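Now for the letters of each chain:
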Amino acid sequence: MCRLLDVLLALLSRFLFAVHGVVAVWRVVAVKEEPLYWLLLTGVALLGVEMAVTLKCTQNAEWKWFSPMVFLYLSTVIPSIWFLELSLLQSKLPVNNSSGPELHLLAPIPITAAIVELDPENWVAGLEQTMLIVLVLGRWLMPKGDMSRDQLSQLLMVYVGLGADILDIFDTFKEPEVQTNQTVVYMGLGLFSWALMQFPLVLTQTQPPQGELPQRSGNCVTRRPAPPITSASCCSNEVWSLLLTVGLQDGPFLIYRLYLMLQEQVLNQLMIFFTCKNILIVLLELYRIYVVQCEQRFGDSQLGRCSALVQQCKARRIRGEEEEEEEEEEEETGGEQRSFHTDTERGTEREEDQKKCTGKKRPKMQ
């Protein structure tokens, strides 16, 4: 039953990714009027192969550290957003005239016609926002793997926060000072793509809760108590997660906003606020890394002391057992010696008695 549920969830999450990917590529084809852009669907088309391999090679229908499904989805959506953003950069028309045959085919449908009549800027913004919503929903629907429900909820909240910060990067394209600056647009799109590489990684959320390990029983996954941890790596999972966040998002975003303020002279309340927020977040993340490392070192030292005490107790117990064995051996050897002396004394007494008896008998015979 659990296996069937995993298969259904895997199908549903991949179907959601595929639908959004097809819509994004269709919009690119409609804007560019070039059927060659349908090749962008290669990543989405491989989701079926990826699902078959994942279900066959994994027990929990999900990989541990990396999600190929999310990576394939992003490999379709990110290039589509690049093409649409660059098309907006090159064209200043309020309505894109390249809405070709695909748009007219969908025009008779009332709801679809209203969507088709959206201007290119709203189309791009809608695809960018729905992409992050689809990422969160897809992660929620896909099988949990080795994660607990608590870990999954934490991961989803982290995804929501990351998505909101990533969308802020597109607001900089609307600034009058840089809205036609190709360098700024390319930098922003590059940071957008770089920051999205956090979503295929599930680094800190895949470790089972402390004291529990996953164990498969039949078709379902249960948890059993874990043995005590006796050694730790140089960095914990939380430290690696924080380093990835600083390196993939907060650090590059801070440099980007400082460049806009200092080089491009983009000075307004929102830019100053988000720059100060990035500085504060980076400092807090670095402080958190320092605290976690100090706690880990303190825990390692305490663990070393505990292990040393355990070794001392074992050594004392072994020594006590050896001393007891020596005492028992001494008692046994002492008892044997005492019994030997007793036997010898009795033997001498018997000999003396026999001599006395023979001495008494001899005079009578004379």
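Preceding this section is the structure that the text describes.
So, how was this worked out
- Residues numbered from 1 in each chain as written.
- Predicted model: local features only at pLDDT ≥ 70, side-chain atom pairs only at ≥ 80, totals over all residues.
- Heavy atoms only, no water.
- Patch = residues over 30% accessible without salt bridge, like charges linked within 9 Å, V, L, I, M, F, W, Y side chains within 5 Å.
- Areas by Shrake-Rupley, 256 points an atom, 1.4 Å probe, with all protein chains shown as cover.
- Salt bridge = Lys/Arg side-chain N within 4 Å of Asp/Glu carboxyl O.
- Helix = DSSP H or I, 4+ residues; strand = E, 2+ residues; numbered from the N terminus.
- Buried < 20%, exposed > 50% of the residue type's maximum accessible area, 1.4 Å probe, protein only.
- Phe/Tyr/Trp six-rings, centres within 6.5 Å; stacked < 30°, edge-to-face > 60°.

Trainee: Explain a nonpolar patch on the surface here, please?
Mentor: Taken together, the side chains of Leu12, Phe15, Val19 and Val23 define a hydrophobic patch exposed on the protein surface, amounting to about 340 Å² of accessible area. Along the chain, the position of Val23 falls in helix α1 (residues 2–32). Classification of Val23 as partly exposed rests on a relative accessible area of 32%.

Trainee: How do you make sense of the pattern of salt bridges when you look at a structure like this?
Mentor: Working definition: two side chains of opposite charge can pair if their charged atoms are close together. Applying the stated criterion across every chain yields a total of 3 salt bridges. Residue Asp165 pairs with Lys277 through a salt bridge whose shortest N-O separation is 3.0 Å. Here Asp165 is found in helix α8 (residues 149–171), whereas its partner Lys277 is found in helix α11 (residues 269–365), with 112 residues between them in sequence. The salt bridge involving Asp168 is made with Lys277; its shortest N-O contact spans 4.0 Å. In this pair, Asp168 is assigned in helix α8 and Lys277 in helix α11, connecting sequence segments 109 residues apart. Of the residues examined, Asp168 reaches a relative accessible area of 15% and is grouped as buried. Counted as one network, the salt bridges with shared partners bring together Asp165, Asp168 and Lys277.

Trainee: Can you walk me through the packing of aromatic side chains in this structure?
Mentor: How two aromatic rings sit relative to each other is given by the distance of their centres and the angle of their planes. What the rule picks out here adds up to 9 aromatic pairs. Each ring, one from Tyr37 and one from Phe83, has its centre 5.0 Å from the other, and the planes form 75°; the classification is edge-to-face. Taken together, the residues span a long stretch of sequence, with Tyr37 in the loop between α1 and α2 (42–45) and Phe83 in helix α4 (residues 68–90) at a distance of 46 residues. With relative accessibility at 21%, the residue Tyr37 sits in the partly exposed group. Relative to Phe173, the ring of Phe170 lies with its centre 5.7 Å away and its plane at 85°, an arrangement referred to as edge-to-face. Judged by its relative accessible area of 6%, Phe170 falls in the buried class. An aromatic cluster is built from Phe170, Phe173 and Phe192, whose rings are joined through pairwise contacts.

Trainee: Mind showing me how you'd approach unusual backbone geometry here?
Mentor: Where the residue is not glycine, phi is negative for most of them; where a peptide bond is considered, it is trans in most cases. The backbone of Glu33 sits at a positive phi, close to 55°, despite the residue not being glycine. Tracing the sequence through the fold places Glu33 in the loop between α1 and α2. For Glu33, a relative accessible area of 48% puts it in the partly exposed group. Even without being glycine, Gln265 reaches a positive phi, approximately 60°. Its location among the elements puts Gln265 in the loop between α10 (237–262) and α11. We classify Gln265 as partly exposed; its relative accessible area is 47%.

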